[in-house]
Amino acid sequence: MMNGAEIHPHLAEYFNEGRLELGSLEFAQQLDLSLSNWPWSATGVNWSAVESSGKVDLNEFGVNGPGYDFLAQSGFGYCPFAVALLSLNDLPIVGKPAVLFRCLDEVFWKYPGKRFVFGCTKQASGFAVVPQIMAEYNGTESMRFHRTTLPPAPK
């Protein structure tokens, strides 16, 4: 089986240093199922139907930049990991939220259109999604997210 650096050579440094890792196809299916529970419009998640949402510019994720406020507002700050859903046929990419969001454009560069990131935890059996912690990446520099004040996710 190929490793993350072989599948995504443009992210080799992140995989080789252990800052990103791959989830399973079963986890991708679990993420897709969680995504189907969100309200939808013709163009993506219907954010007007989401109780509380916000928007962040990914260019704000410099060292201690204002983008890091997003991690707490969105609930990603409560999760030990975040996971990028590439497609149902690709292994999802997992990393600590600050790392994953800093390189999100690189993570999704081969996958045009709107893409999704969820909070997740790691258990003995593998990764588990935290379905209420979700963000929608629009393929440019901004991302919509669900604001939440959840207690810390189980580890």
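Check the entry above for the structure.
Residue positions are counted from 1 within each chain, in the order its sequence is given. Owing to the predicted nature of the model, reporting of local features is limited to residues with pLDDT of at least 70; listing and counting of side-chain atom pairs is limited to 80 or more, with chain, interface and lining totals taken over all residues. Side-chain numbers come from the whole structure's heavy atoms, not from hydrogens or water.

## A word on the sheet that holds strand β6 (residues 93–95)
Moving on, step 1. In this scheme, strands are said to pair when DSSP sees at least two bridges between them. Counting from the N terminus, the helices are the DSSP runs of H or I reaching at least four residues and the strands are the DSSP runs of E reaching at least two. Ordered by their spatial adjacency, seven strands build an open sheet running β1-β6-β5-β7-β8-β9-β4, and the pairing between neighbours is antiparallel. Among the strands making up the open sheet, the edge pair consists of β1 (20–22) and β4 (53–57). Recorded for the sheet is a direction-independent mean angle of 35° between the axes of neighbouring strands.
Moving on, step 2. Sheet analysis places β1 next to β6, joined by three bridges and oriented antiparallel. Bridge pairing in β6 links Leu22 to Ile93.
Moving on, step 3. Here a residue-residue contact requires only that any non-hydrogen atoms of the pair lie within 4.5 Å. Axis definition: a line fit to C-alpha positions, over the contact stretch in the case of helices; interaxial angles, taken between N-to-C directions, run 0 to 180 degrees. Against the sheet, helix α3 (residues 25–36) touches β5 (81–85), β6, β7 (115–123) and β8 (126–137), its axis set at about 45° to β8.

## Looking at the pairing of β4
Moving on, step 1. Buried, partly exposed and exposed residues are distinguished by accessible area as a fraction of the type maximum, computed with a 1.4 Å probe on protein chains only: under 20%, between the cut-offs, and over 50%, respectively. Only one face of β4 is covered, namely the face carrying Gly54 and Val56; the face carrying Ser53, Lys55 and Asp57 is uncovered.
Moving on, step 2. Pairing geometry for β4 and strand β9 (residues 142–146), over five bridges, is antiparallel. In the strand pairing of β9, Lys55 is matched with Arg144.

## Section: the nonpolar core
Moving on, step 1. Counting 33 residues, the largest nonpolar core has Leu20, Phe76, Ile93, Leu100, Phe101, Leu104 and Val107 as its most contacted members.
Moving on, step 2. Taken together, the elements giving at least two residues each to this core come down to α2 (12–16), β1, α4 (67–74), β5, α5 (97–102), α6 (104–108), β8 and β9.
Moving on, step 3. No other element matches the four residues that β8 contributes to this core.
Moving on, step 4. Not counting residues up to four positions away in its chain, the partners in contact with Ile93 are His8, Leu11, Phe15, Leu20, Glu21, Leu22, Ala82, Val83, Ala84, Leu86, Leu100 and Val107.
Moving on, step 5. What we call a nonpolar core is a set of buried Ala, Val, Leu, Ile, Met, Phe, Trp, Tyr and Cys residues that are connected through their side-chain atoms within 4.5 Å. Judged by nonpolar contacts, the second largest core, of 18 residues, contains Val50, Phe81, Leu85 and Val94.

These results come straight from atomic positions and should not be treated as a statement about function.
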